[in-house]
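Close look at the chain arrangement
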Amino acid sequence: MEKLFNRMTKVVHQNPSIPDELVARKYRSWVLLPTIAYKVLVPDEKESPLNLFQETILKLLLSGYKTSEYIADRLLLKVELVEYILQELVSQELLGSNGLVTDKGKALIDEQQEPDEMKIGYIFFDVSSQSFWDTFVLSKDLQYITSEFGEQYRQIELGKIDAPRKFRSVVVQSDLETLPPPPSSIEIINVLRRHKRRLRNRKNGHFVDEEVEQVVDVLPRFIEKVQFLEETFPLYVTTFMYMPSDVMNNSHWRVCYPFGKEPSQKLFDTLTILRDNQRHLKEEMSQLVQSALRTSEQDYNQAHTKEINEAKDYLVSVLGTKIETYNGPFYQLQQLFLKYKELKTATEKLNQGHAFDEIQSKISGYIIKSSHVIEETLSTVRILYVQKQKSNPEALDPLRLLSKHKPKNAEMLTEIAKQLGFQDEQDENAQTFFRFLAVSYGEVKYVEQSRSLRPLLSYHLLVAKDDTDHPFMKMVARFPEFIVYMQQLTNRRNEFAHTTEKRYNLHTMDEILAYTMEVVSILLTLSFNVVNLKKLVIHDEKKVDMDTKTRLLSEQTVDIEIGSNIRSHSTLFKALTEVHLLHTRKSDQFILSCTSALEALLNECILRAEFTGAKSLLAHTGSKTLSKVVEKGLSQQGFKLNVEKLPTPFLQVNMKKVKLNVEQLKHAVLNVKVYALLVSAANLRQPLFEQIGAVEPDFFETIILLSDMRGHGSGTTLTEEEANDLLQRLFTLFKNVYPEIKLFEVK
């Protein structure tokens, strides 16, 4: 029997598009999808602002006032529900306070009862996925284009008629010989409603839902008007695969929804499965990815040829030659390696902290890149498991256990993680698994659009629950703290993304590279040569467990020194934990962590201080003059401040940078925060400052002197005795001041 689709099948182009700024240069590969078009007659269903209960009750009230009890009895509803609905109708001005329908309500009911406008158009059945596209196209809007004949490839013409542009397109093959049965009225309505939902989600910037489940829960009143018009024919629909513009961080191809302006995960999954049986399609995908990566590499490698080769050689020596077959993870690992080398070079040039900010910037990029490597690898493994699931009709849908509620999903995923053998933090109050795995159904379902770490991790936990061969089984054996580690890595990445105040230890950079490579080796089932790894980095297989225990000890110390109530303020608690942790490690960034903690404390003061009228004090220059002006006001509220002993750098602050605006101050440097609070306290007597001055008279002076000790980052060296004294002073200050600050409301 002759196939439905052949070298002469007509081609339809409905303007699929992705904004140019999201596509890497010219890297698009056009694709022709085998599709069946059905001509249908449908009413243009009006979208009512009322739900079923509201509309029914409003219609019941058209004949006059009725009590809640009467309505409840007629509709078999609870009186409480009826009263709630009546209040909703009143708030929408559809029902008056007298219980009668308003003119607005009558107009709405009349509008809903008007005959629906009938439309003729097409719905489309995707042959490859055996499901309808959630799209309706009016007959007049169906756009045929000119194309040359061909089997595996066809030339299509796009653009203006007088100046067409020709593109080669790859044809997705189909062996279909007979037309599928026509759609039922319910199927047609289902497509229409999904089409409207897609347009609404697109307009609101939400996930574009590609569910194929039926969304018709009750038979609509117009179902008898829906007709299939006995016209069915095969055609090819155009779309294109493309590479995202941020190839450096997203090295997987995407595919555009053929009737819209967004990527389609449904089509991505379908083509991923088909490529194994359609060699020309697989070659097109491979060429697309490699061309984009090759160009990005060429742009970068012109100045980094030696470094790139070194990166490749090192990665292969640790992970084996098999890593080269995974384009995305291999490319991302190369970029991580280069950032590691840049960071090491910058560290070696560190001289009394003058390059400290530059190093912190490099650390930020390094941590973010390490997350990208793992996200890329989890995405690669996900594609393999999507293929595996599709090829096995009896396979269970891993997403079947998810609900629409994040807390329920968090509980379920936490239980799965623990059943598999992953270890949570020992502190039960931490709830790392629960907080990290609180994902929505949509986040996991459409993870290929976001490629975010938490949904990817959640997806693989669900798969591993039913598949004993999943790499997570090996991960549990070799790295049971994996989820905790990923949560810590995510926290570090987010802190760098949202603040300029956080600082991190340089010694963790070796650990991150080592653990990232080990995670990749486990997920992709690669070799992991520790001997070759240690030729470059310091790697202790037990370090994560040791870090967890050390951090837990620091948290307990903060509890004892400050009081357990400090845990209620997560930012301050984490800052003080970091202080104690770096003190324990005798880190050269201990002073920086102290000032970061103080900055967080000052932010709490800023949120509660009064700045009205204090601007006039800033007319003084940032010198002893201003300090002497505020000195008197501070002493009246119990503070000690000897201007003669203040460090010179503090007296040289540029007063133009001191803005008495809370949002700006929250992100300002430490000395600017101090000046803002000084003028606030000196301008107006406030209970907040009187309370602080009573329990900690040296509050401002201590902070100013500590800020000066920070110097340029790591230029101040403390003896063990000095470090111990500083830690105790800081803890005492927090213990005295934090309870007083909590007494006042944020303004």
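Above this text sits the structure in question.
Described in the following lines is the structure provided in the data block. Everything numeric in this text was worked out from a predicted model, so none of it was measured.

The next point concerns the overall build of the protein. A tally of regular secondary structure across the protein gives 29 helices and nine strands. Considering the protein as a whole, with its 747 residues, one finds that 52% of them fall into the buried category. The long-range share in the protein, meaning contacts at least 24 apart out of those at least 6 apart in sequence, stands at 74%. Accessible surface, the protein as shown: approximately 35600 Å² in total, 50% of it carbon and sulfur.

What follows concerns the pairing of strand β8 (residues 227-244). Across two bridges, the pairing between strand β1 (residues 11-12) and β8 is parallel. Across the sheet, residue V11 finds its bridge partner in β8, namely Y236. The pairing of β8 with strand β9 (residues 254-255) spans two bridges and is classified as antiparallel. Pairing of M241 across the sheet is with V255, part of β9.

Taken together, the side chains of F53, L81 and Y84 define a hydrophobic patch exposed on the protein surface, amounting to about 300 Å² of accessible area. As for its placement among the helices and strands, Y84 is situated in helix α3 (residues 79-91).

If you walk through the whole model with that rule in mind, you get 25 aromatic pairs. Relative to Y257, the ring of W133 has its centre 5.5 Å away and its plane inclined at 80°; by these criteria the two rings are edge-to-face. One end of the pair, W133, is in strand β4 (residues 131-138); the other, Y257, is in the loop between β9 and α6 (265-274), with 124 residues separating them in the sequence. A connected cluster of aromatic rings, assembled from ring pairs, spans F422, F472, F479, F482, Y485 and Y515. Stacked on the ring of W133, the Lys or Arg K266 has its end atom at 4.5 Å from the ring centre. We note R382 situated over the ring of Y459; from NZ or CZ to the ring centre the distance is 5.5 Å.

With that settled, the discussion passes to α3. Relative to the 18 Å expected for 13 residues at 1.5 Å per residue, α3 spans 18 Å between its end C-alpha atoms, a close match to the ideal helical length. Within α3 the residues assigned to the buried category are V82, I85, L86 and L89. One face of α3 carries all of its buried residues, which in axial projection span an arc of 105°. Facing away from the buried side of α3 by over 90 degrees, the exposed positions are E80, Y84, Q87 and S91. The secondary structure elements touched by the buried residues of α3 are α1 (52-60) and α2 (68-75). Remark: E93 follows α3 within two positions and exhibits a positive phi of approximately 65°.

So, about the pairing of strand β3 (residues 118-126). The sheet contact formed by β3 and β4 spans five bridges and is antiparallel. Paired with F125 across the bridge in β4 is F132. Connecting the antiparallel pair β3 and β4 is a turn made up of four residues, with Q130 showing a positive phi of about 55°.

This paragraph deals with α6. Every α-helix carries 3.6 residues per turn, so stepping three or four residues along brings you back to the same face. The buried fraction of α6 is high, at nine of 10 residues. Where α6 begins, one side-chain oxygen reaches toward the backbone nitrogen of L267, 3.1 Å away; that side chain belongs to S264.

Contact geometry for helix α21 (residues 570-584) and helix α22 (residues 590-608): axes closest at 8 Å, N-to-C directions at 165°. Classified by the angle their axes make, α21 and α22 are roughly antiparallel. For the pair α21 and α22, the crossing hand works out as left-handed. Contacts between α21 and α22 involve T571, L572, A575, L576, E578, V579, L582 and H583 from the former and F590, S593, C594, A597, A600, L601 and E604 from the latter. Looking at the contact of α21 with α22, its residues break down into 10 nonpolar, three polar and two charged.

The rules behind these values
- Residues numbered from 1 in each chain as written.
- Predicted model: local features only at pLDDT ≥ 70, side-chain atom pairs only at ≥ 80, totals over all residues.
- Heavy atoms only, no water.
- Helix = DSSP H or I, 4+ residues; strand = E, 2+ residues; numbered from the N terminus.
- Buried < 20%, exposed > 50% of the residue type's maximum accessible area, 1.4 Å probe, protein only.
- Contact = heavy atoms within 4.5 Å.
- Areas by Shrake-Rupley, 256 points an atom, 1.4 Å probe, with all protein chains shown as cover.
- Pairing = 2+ DSSP bridges.
- Patch = residues over 30% accessible without salt bridge, like charges linked within 9 Å, V, L, I, M, F, W, Y side chains within 5 Å.
- Salt bridge = Lys/Arg side-chain N within 4 Å of Asp/Glu carboxyl O.
- Phe/Tyr/Trp six-rings, centres within 6.5 Å; stacked < 30°, edge-to-face > 60°.
- Lys NZ or Arg CZ within 6 Å of the ring centre and 35° of its normal.
- Expected span 1.5 Å × (residues − 1).
- Arc of directions from axis to C-beta.
- Polar contact = N/O pair within 3.5 Å; in protein donor to acceptor, adjacent residues only side chain to side chain.
- Axes fitted to C-alpha atoms, helices over the stretch in contact; angles between N-to-C directions.
- Parallel < 35°, antiparallel > 145°, perpendicular 65-115°, else oblique.
- Left-handed = near helix turned anticlockwise from the far one by under 90°.
- Nonpolar A, V, L, I, M, F, W, Y, C, P; charged D, E, K, R; others polar.

That is the geometry; function is a separate question.
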